[in-house]
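An overview of the molecular structure
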Amino acid sequence: MTKPNYIVTPNTWDFLKSPMIKPTGFREYDARWKYPDEINLPGMTALGLGIGTQMRKHGLEPVIAVGNDYRDYSLAIKNALVIGLMQAGIQVKDIGPCITPMAYFSQFHLDAPAVAMVTASHNPNGWTGVKMGFQRPLTHGPDEMAELKDIVLNGKGEPAPGGGYEFVDGVWDAYMDDLVGDFKMSRKLKVVCATGNGTASAFAPALFERIGVEIVPSHNELDYTFPNYNPNPEAMEMLHDMADSVKASGADFALGFDGDGDRCGVVDDEGEEIFADKVGVIMARDLAKLYPGSTFVADVKSTGLFASDPELQKHGVKADYWKTGHSHMKRRVHALGALAGFEKSGHYFLAEPIGRGYDDGMRVAVEICKLMDRNPDMSMSDLRKALPKTYSTPTMSPYAADEEKYDILERIVQKLVAKADAGDSFAGKAVKEVVTVNGARVILENGSWGLVRASSNTPNLVVVCESSESDAEMRAIFAAVDDVIRTEPGVGDYDQTI
């Protein structure tokens, strides 16, 4: 295999003939590029050959389950990837268009040692990528991604005989059975099902109907032009639309799913948008009663309540704060034998005996409905109001180029640590500690905090703040974090701010 060209120039002879891959697409735990600006179809074939070579290097049986999301270019990209996998001597089991968690499930269902899901995830159109894993329910982490990057970019992919292709039907039915079993709601529920015209449109309405939930449709027609908004339940645009639907329909709550169905967002019966980390605390409270003494993992962007909530403490729960990112979180849940992991972005990792340990928006939807069934006298807003009050920002992402963002972050972290070491106050409070497991989480003496880290999959930094006291303190923490960020000229505008 020849080394791919790093410069991608569409509408050239080479673009049709030679693999072209921008190196920055190999991220911490996903491979993700703008298509056709950063990768071409021969580049995807080179990636497939690289994944197949990596499988053989790890001694895996040469069988992989492959799926794709609902974008107008995803099928062409998957087919290019499949050619490369077959070149490497891999037997491909193609499950067709699907949501990402269904591809993860197919690894178990088909007893396949590897999975590759072609998806742009929640990114806007023009993006593509691959989520892949060898050791179910885990996906590639930084080490595996670095190894794959080396194989692909240095032309180390090795063709081998024995490749083949099979289209596999019936995975959807098996996936539904795995999600639901014979569960049926005993209380009446009316739920806004928001899919933003994304891939989950083909799955979520049928799932709710099966468990006996009345749905209020919200953009449930498959349309890969995304005529309303990009399906991302962390974006205020989608959450506001879900809130409007709840108010107009009198629904009990709204559940919204991202472009590839591995995340879930919640709006309650009063139209309040509950950030996913708070939903995680609501779920953890319910699960702690059923499974006292459990460990719950939360990512560093999440609320401090997992550690401080008296209800969780009462049931002997252990909280572990870990690196943001679906691959990091899956690994941590697996390594600790945790019952669940919760990420502020809406990725939830429900492990045995509830789920299989991978992130699945549909599994979360079922478990939220079960939670409501176990608490028949409570509305979603009752459950929200029962939590200790904190004031949180949404996830805010200022631009920072992929090639520069980690260096920029390192300098910002050093500046924040230096301020703390010097005894400087932060938003008018003393700093208790700066946690640097993933960026910098500056924790104040009253438990309030501000975080800055680098996005693992887009050219951005990520900022989240939470106050245990007031909206004003939350804003002051954001201003203090932003003041340090603004010392870096390479940081651009935010996608959204408070």
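Residues numbered from 1 in each chain as written. Predicted model: local features only at pLDDT ≥ 70, side-chain atom pairs only at ≥ 80, totals over all residues. Heavy atoms only, no water.

The name given to the protein in an unreviewed UniProt entry is Phosphomannomutase/phosphoglucomutase, and the organism recorded there is Thalassobius vesicularis. For the record of the protein, the UniProt heading Sequence similarities (unreviewed entry) holds the text "Belongs to the phosphohexose mutase family." According to UniProt, the comment filed for the protein under the heading Cofactor (unreviewed entry) is "Mg(2+)". (UniProt positions renumbered as here; feature names shortened; annotations may be inferred.)

Generally speaking, a soluble globular protein has its nonpolar side chains buried in company with each other. Phe208, Leu255, Phe257, Met283, Met362 and Ile368 are the most contacted members of the largest nonpolar core, which totals 69 residues. Two domains each put at least three residues into this core: domain 1 (13-172) and domain 2 (182-386). Residue contacts for Ile368: discarding those within four places in its chain leaves Phe253, Leu255, Val266, Val279, Met283 and Met380. With 34 residues, the next largest nonpolar core counts Met55, Ile77, Leu85 and Val130 among its residues. (Core = buried A, V, L, I, M, F, W, Y, C linked by side-chain atoms within 4.5 Å. Buried < 20%, exposed > 50% of the residue type's maximum accessible area, 1.4 Å probe, protein only. Domains from an automatic or database assignment. Contact = heavy atoms within 4.5 Å.)

This part covers the sheet that holds strand S15 (residues 348-350). Paired through their backbone hydrogen bonds, the strands of a sheet run either parallel or antiparallel. Here we have 4 strands laid out as an open sheet, ordered S13-S12-S14-S15, and mixed in their pairing. Each edge of the open sheet is held by one strand with a lone partner, namely strand S13 (318-322) and S15. Averaged over all pairs of adjacent strands, the angle between strand axes in this sheet comes to 20°, irrespective of strand direction. For strand S12 (residues 295-299) and strand S14 (residues 340-342), the ladder comprises 3 bridges, and the chain directions are parallel. Residue pairing for S14: Val297 is matched across the bridge by Gly341. Contacts from helix H12 (residues 326-336) reach S12, S13, S14 and S15, with the element oriented near 165° to S12. (Pairing = 2+ DSSP bridges. Helix = DSSP H or I, 4+ residues; strand = E, 2+ residues; numbered from the N terminus. Axes fitted to C-alpha atoms, helices over the stretch in contact; angles between N-to-C directions.)

The full count for this structure, using the stated rule, is 3 cavities of 30 Å³ or more. Here the largest cavity is characterised by a volume of approximately 110 Å³. In this structure, the largest cavity is lined by 14 residues; those nearest its centre are Pro233, Glu234, Phe275, Ala276 and Lys344. For the lining of the largest cavity, the element with the most residues is strand S10 (residues 264-268), which contributes 3 residues. (1 Å grid on protein atoms, 1.4 Å probe; cavity = no way out; pocket = protein on both sides within 12 Å on 5 of 7 lines; lining within 4 Å. Points joined across faces, edges and corners; volume = space filled by probe spheres on them.)

On to the sheet that holds strand S7 (residues 190-194). In space, the 5 strands of this open sheet follow the order S8-S7-S9-S10-S11, with mixed pairing throughout. A strand with exactly one partner marks an edge of an open sheet, and here the two such strands are strand S8 (214-218) and strand S11 (273-274). The pairing of strand S9 (residues 253-257) with S10 spans 5 bridges and is antiparallel. Opposite Phe253, over in S10, you have Asp268 as the bridge partner.

A few words now on the UniProt feature "domain: Alpha-D-phosphohexomutase C-terminal" (unreviewed entry) in the protein. Here the UniProt feature "domain: Alpha-D-phosphohexomutase C-terminal" (unreviewed entry) sits at residues 428-483. In residues 428-483, helix accounts for 23% and strand for 41%; the two terminal C-alpha atoms are 14 Å from one another.

Another point: the pairing of strand S17 (residues 431-435). The sheet contact formed by S17 and strand S18 (residues 440-444) spans 4 bridges and is antiparallel. Bridged to Glu433 within S18 is Ile443. If you look at the hairpin formed by S17 and S18, you'll find 4 residues sitting between the two strands, and Gly439 has a positive phi there, around 80°.

The next subject is unusual backbone geometry. The peptide bond linking Tyr35 to Pro36 adopts the cis configuration, its omega dihedral lying at 5°. Assignment of secondary structure puts Pro36 in the loop between strand S1 (31-34) and helix H2 (41-57). Following Arg136, the chain continues to Pro137 via a peptide bond in cis, the omega torsion being 5°. Along the chain, Pro137 turns up in the loop between strand S5 (127-133) and helix H5 (142-153). Even without a glycine there, the phi angle at Asn11 is positive, about 60°. Counting through the fold element by element, Asn11 comes out in the segment before helix H1 (13-17). Using a relative accessible area of 78% as the deciding quantity, one classes Asn11 as exposed. For Ser121, which is not glycine, the phi dihedral falls at a positive 55°. Along the chain, Ser121 falls in the loop between strand S4 (114-118) and S5. Classification of Ser121 as buried rests on a relative accessible area of 2%.

Okay, the UniProt feature "domain: Alpha-D-phosphohexomutase alpha/beta/alpha" (unreviewed entry) in the protein next. UniProt tags residues 25-154, 173-271 and 277-391 as "domain: Alpha-D-phosphohexomutase alpha/beta/alpha" (unreviewed entry). The span residues 25-154 shows a helical share of 41% and a strand share of 22%, and its end C-alpha atoms are spaced 15 Å apart. The distance separating the terminal C-alpha atoms of residues 173-271 is 33 Å; by composition the span is 30% helix and 20% strand.

Turning our attention to the packing of aromatic side chains. Enumeration according to the criterion identifies 13 aromatic pairs in this entry. Each ring, one from Trp172 and one from Phe203, has its centre 4.6 Å from the other, and the planes form 80°; the classification is edge-to-face. Here Trp172, found in helix H6 (residues 171-180), pairs with Phe203, found in the loop between S7 and helix H7 (204-211); they are 31 residues apart in sequence, far enough to count as distant. For Trp172, a relative accessible area of 25% corresponds to the partly exposed category. (Phe/Tyr/Trp six-rings, centres within 6.5 Å; stacked < 30°, edge-to-face > 60°.)

This part covers the state of the cysteines. Using the criterion set out here, one finds 0 disulfides in the structure. No disulfide involves Cys264; its sulfur sits 9.0 Å from that of Cys369, the nearest cysteine. Assessed through its relative accessible area of 1%, Cys264 is described here as buried. (Disulfide = S-S within 2.5 Å.)

On to the packing of H6 against H7. It is at 11 Å that the axes of H6 and H7 come closest, and there the two elements cross at 50°. Judged on the interaxial angle alone, H7 and H6 are oblique. As H6 runs across H7, the sense of the crossing is right-handed. Two secondary-structure elements touch here, H6 through Trp172, Met176, Asp177, Leu179 and Val180 and H7 through Ala206, Leu207, Arg210 and Ile211. (Parallel < 35°, antiparallel > 145°, perpendicular 65-115°, else oblique. Left-handed = near helix turned anticlockwise from the far one by under 90°.)

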